[in-house]
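# A closer look at the structure
If you want the building blocks of each chain, they are given just below.
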Amino acid sequence: MRDPRADRPAETGARASVEAIFREEHGRLLAALVRRFGDLDLAEEVASEAVEAALVRWPVDGVPPNPGGWLMTTARRRAVDRLRRDKAYAARLAILQVEADRAEPVPPAEAGDGLPDERLRLFFTCSHPALSAEDRGALMLRCLGGLTTPEVARAFLVPPATVAKRIVRAKKKISQARIPFRVPGPDELPERLPGVLQVVYSIFTEGYAASAGPDLQRLDLAEEAIRLARILRRLLPAEREVAGLLALMLLIHARRAARTGTGGELVLLDEQDRGRWDRAMIEEGLALVPAALTGGPPGPYGVQAAIAALHDEAADVATTDWPQIVALYDVLLALTPSPIVEVNRAAAVALRDGPAAGLALLDALAAEPRLRAYTPYATARADLLERLGRRAEAAAAYRQALALAGTEPERAHLRRRLAALESPGEA
Amino acid sequence: MKYMLLIHTAATQSDAPTSDGCEVEDWMAYDKAVQEAGIFVAGHSLADLTTATTVRVGPGGERTVTDGPFAETREILGGYYVIDVPDLDVALDWAARCPGAHAGGSIVVRPVAEF
């Protein structure tokens, strides 16, 4: 994969600021080029060339007043040059374009200024259900997040070659099976939008609760997901679930500083220092919740955002509105039945009605195969058993959770709980 | 762009012709829709799998002819269409409309290679 930004370190402050601009403009530039030329490879190639040109010119000439327009004009010229040199390629693209026009005519080229935002198309292409699920996140971060292949690899903790392979595979399928660059019509949108939101949310959850590795949180991934959701929110202001997803992520991410202790160990909600929560981010999230919940039946992200909002608004666990949270979990279960939601609901019931009631619900889920390797299930059981004074069973459940936990901070948290349980005098 | 829709029907014990839950009228209506949309390139329904014969030619040119194959998987290829449409989304829409996609069957959509 050709990516000039990956080859050289940032040399100067000017270069860094140019790179910051590029990162902001990259998705927009790429989407406009794809729209214009109908080919993701060509678009990426000339976008990279335009950035290279900017990295040479801007530190000397200064950043132009309209950086996005400058990049677009430069990239478009490069693309035209490229097509002039390679007649066979041009002919192939021309055929593609004619066929694409059958479906939807391309608007005439615009001046660099007032570049139409075509990123929504790219969102739908990157999350197309015909692409493999693991390729979608990588492709979205690469195309819309403006991350380089090595950056995507670092974020997912996989070798760069693996990411490169995923991106090549996805782009090959887009081009050869001709996955279109289009926004689904209003009749298709309810079917397709959840897929887009799912990709963004899976990037967030990977950043929020890394499934493996030394760190509990990979904040860059979570922040990248929030950035993508902000773009979607601007592009689809009327979609309640977009507002819901952005609200949910903000309301969870606001707690990031309180989520890890001094030793890097996981700190659960009930023990978090709520003074360290990010108030501004909570306010931003709260402001989105009404938009997520009004104007129609609520969606799963809106309901989860409402639950997160109740936690974020409460001064502590004791004054949290547990009856309301249980009621929202009931709504969520009706929308998306899942044993994982059942576990969360049981934990909320335990705080509303007492640990015995919560434990009874958890034990009723014991036969559920999807919970067998689900650490929070074992942790929640251990916690409730401990509260009920059933110490031996609690210790066994903590050991089970410890065997399942994927990250070191989770294990550190569980070891601490287990040690406290086994020697209460020192706790 | 041409796509082949490979129509896989659920293999059943009974071999009843309408066991896929689709009536002949459904297929006729679908075929008519494909023709009228101007996207039809080719298409056939295949005779029962028990009538299939397999041919292999070895490195020395020797020919092996065997009866079958017989359904080893849950789904068997029952027919195909080749359609000419602008992109994969349109092809997927036509696949979803195909009676073979319903009642336990599935359609595999494959772009026809261009050289």
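Residues numbered from 1 in each chain as written. Chains lettered and ligands numbered in written order. Predicted model: local features only at pLDDT ≥ 70, side-chain atom pairs only at ≥ 80, totals over all residues. Heavy atoms only, no water.

What UniProt records for chain B under Sequence similarities (unreviewed entry) is the sentence "Belongs to the YciI family." (UniProt positions renumbered as here; feature names shortened; annotations may be inferred.)

In the nomenclature of an unreviewed UniProt entry, chain A corresponds to RNA polymerase sigma-70 factor, ECF subfamily from the organism Nonomuraea jiangxiensis. Reading the Sequence similarities (unreviewed entry) entry of the UniProt record for chain A gives the comment "Belongs to the sigma-70 factor family. ECF subfamily."

## Things to note about the overall build of chain A
Scanning chain A for helices and strands turns up 20 helices and zero strands. Taken across its 427 residues, chain A has 51% of its residues classed as buried. Looking at chain A alone, contacts between residues at least 24 apart form 65% of all its contacts between residues at least 6 apart. As presented, chain A carries roughly 19,000 Å² of accessible surface, and 56% of it is formed by carbon and sulfur atoms. (Helix = DSSP H or I, 4+ residues; strand = E, 2+ residues; numbered from the N terminus. Buried < 20%, exposed > 50% of the residue type's maximum accessible area, 1.4 Å probe, protein only. Contact = heavy atoms within 4.5 Å. Areas by Shrake-Rupley, 256 points an atom, 1.4 Å probe, with all protein chains shown as cover.)

## So, the pattern of salt bridges
Residues and elements named next belong to chain A. A complete count under the given rule lists 35 salt bridges over all chains for this structure. For Arg-35, the salt bridge is made with Glu-118, and the minimal N-O distance between the two is 3.4 Å. Taken as a pair, Arg-35 in helix α2 (residues 13–37) and Glu-118 in the loop between α5 (87–103) and α6 (119–126) lie far apart in primary sequence, 83 residues in all. Judged by its relative accessible area of 13%, Arg-35 falls in the buried class. Residue class for Glu-118 comes out buried when judged on its relative accessible area of 11%. Asp-383 serves as the salt-bridge partner of Arg-417, at 2.7 Å between the closest nitrogen and oxygen. Taken together, the positions of Arg-417 in helix α20 (residues 408–422) and Asp-383 in helix α18 (residues 375–387) put the pair 34 residues apart, joining distant regions of the chain. Like Asp-383, Arg-417 is buried. (Salt bridge = Lys/Arg side-chain N within 4 Å of Asp/Glu carboxyl O.)

## Thoughts on helix α13 (residues 279–293) of chain A
All names here are of chain A. Spanning 15 residues, α13 covers 22 Å between terminal C-alpha atoms, matching the ideal 21 Å at 1.5 Å per step. Within the sequence span of α13, burial applies to Met-281, Ile-282, Gly-285, Leu-286, Leu-288, Val-289 and Ala-292. N-capping of α13 is provided by Asp-278, with a side-chain oxygen placed 3.2 Å from the backbone N of Ala-280. Trailing α13 by a residue or two, Gly-295 shows a phi angle of about 95°, which is positive. (Expected span 1.5 Å × (residues − 1). Polar contact = N/O pair within 3.5 Å; in protein donor to acceptor, adjacent residues only side chain to side chain.)

## Examining unusual backbone geometry
Omega for the peptide link from B:Gly68 to B:Pro69 comes to 10°, which places this bond in the cis form. Its identity is not glycine, yet A:Arg178 carries a phi of approximately 55°, on the positive side. Checked against the element boundaries, A:Arg178 lands in the loop between α9 (160–176) and α10 (189–208). In the Ramachandran plot, B:Ala103 falls in the positive-phi region, its phi being about 55° despite a non-glycine side chain. Considering the arrangement of structural elements, one finds B:Ala103 in the loop between α2 (88–97) and β6 (106–111).

## Thoughts on the nonpolar core
Within the largest apolar cluster, 107 residues are counted, with the highest numbers of intra-cluster contacts made by A:Leu122, A:Met140 and B:Ile83. Shared between two domains, this core takes at least three residues from each, and those domains are domain 1 (1–109) and domain 2 (120–227) of chain A. Those residues in contact with B:Ile83, other than ones at most four positions away along the chain, are B:Met1, B:Lys2, B:Tyr3, B:Leu5, B:Val34, B:Ile39, B:Val41, B:Ala91 and B:Trp94. Among the nonpolar cores identified, the runner-up in size contains 22 residues, and A:Ala378, A:Ala382, A:Leu384 and A:Ala405 belong to it. (Core = buried A, V, L, I, M, F, W, Y, C linked by side-chain atoms within 4.5 Å. Domains from an automatic or database assignment.)

## Structural notes on the side chain of A:Arg381
With respect to the helices, strands and loops of the structure, A:Arg381 is situated in helix α18. If we skip the residues at most four places from it in the chain, A:Arg381 touches A:Leu359, A:Leu362, A:Asp363 and A:Ala397.

## Looking at the packing of helix α7 (residues 133–143) of chain A against α10(A)
Residue and element names in this part refer to chain A. Close contact between α7 and α10 brings their axes to 9 Å; oriented N to C, the two are set at 85°. In terms of their interaxial angle, α7 and α10 are classed as roughly perpendicular. When α7 is examined against α10, the residues Arg-136, Gly-137, Met-140 and Leu-141 are found in contact with a partner set consisting of Val-196, Val-199, Val-200 and Ile-203. Within the contact of α7 with α10, the residues separate by chemical class into six nonpolar, one polar and one charged. (Axes fitted to C-alpha atoms, helices over the stretch in contact; angles between N-to-C directions. Parallel < 35°, antiparallel > 145°, perpendicular 65-115°, else oblique. Nonpolar A, V, L, I, M, F, W, Y, C, P; charged D, E, K, R; others polar.)

## Section: α9(A)
All names here are of chain A. With 17 residues, α9 should reach 24 Å at 1.5 Å per residue; the first-to-last C-alpha distance of 24 Å fits that figure. Among the residues of α9, Val-163, Ala-164, Arg-166, Ile-167, Ala-170, Lys-171 and Ile-174 are the ones counted as buried. The buried residues of α9 all sit within an arc of 160° when viewed along its axis, so they share a single face. Residues Ala-161 and Lys-165 are exposed on α9 and point more than 90 degrees away from its buried face. (Arc of directions from axis to C-beta.)

## Here we look at the packing of α18(A) against α20(A)
Residues and elements named next belong to chain A. In contact at an axis separation of 12 Å, α18 and α20 are set at 20° when each is read in the N-to-C sense. When the interaxial angle is binned, α18 and α20 end up roughly parallel. Note that α18 runs across α20; the crossing there is left-handed. Taking contact as the criterion, the partners of Thr-375, Thr-379, Asp-383 and Glu-386 in α18 are, on α20, Glu-410, Leu-414, Arg-417 and Leu-421. A breakdown of the residues in the contact of α18 with α20 according to their chemical character gives two nonpolar, two polar and four charged. (Left-handed = near helix turned anticlockwise from the far one by under 90°.)

## Describing the interface of chain A and chain B
Between chain A and chain B, the contact holds twelve residues from the first and eleven residues from the second. A combined buried area of about 950 Å² lies between chain A and chain B, and 50% of that area is made up of carbon and sulfur atoms. If you look at where chain A meets chain B, you find two salt bridges. Of the charged contacts in the structure, one is a salt bridge between B:Asp89 and A:Arg192, with a shortest N-O distance of 3.7 Å. (Buried area = accessible area lost by both parts, 1.4 Å probe.)

## Examining a nonpolar patch on the surface
Residues and elements named next belong to chain B. The grouping of Val-55, Val-57 and Val-65 at the surface amounts to a nonpolar patch, some 280 Å² of accessible area in total. Mapped onto the secondary structure, Val-57 falls in strand β3 (residues 53–57). In this structure Val-57 comes out as exposed when scored by relative accessible area, which is 58%. (Patch = residues over 30% accessible without salt bridge, like charges linked within 9 Å, V, L, I, M, F, W, Y side chains within 5 Å.)

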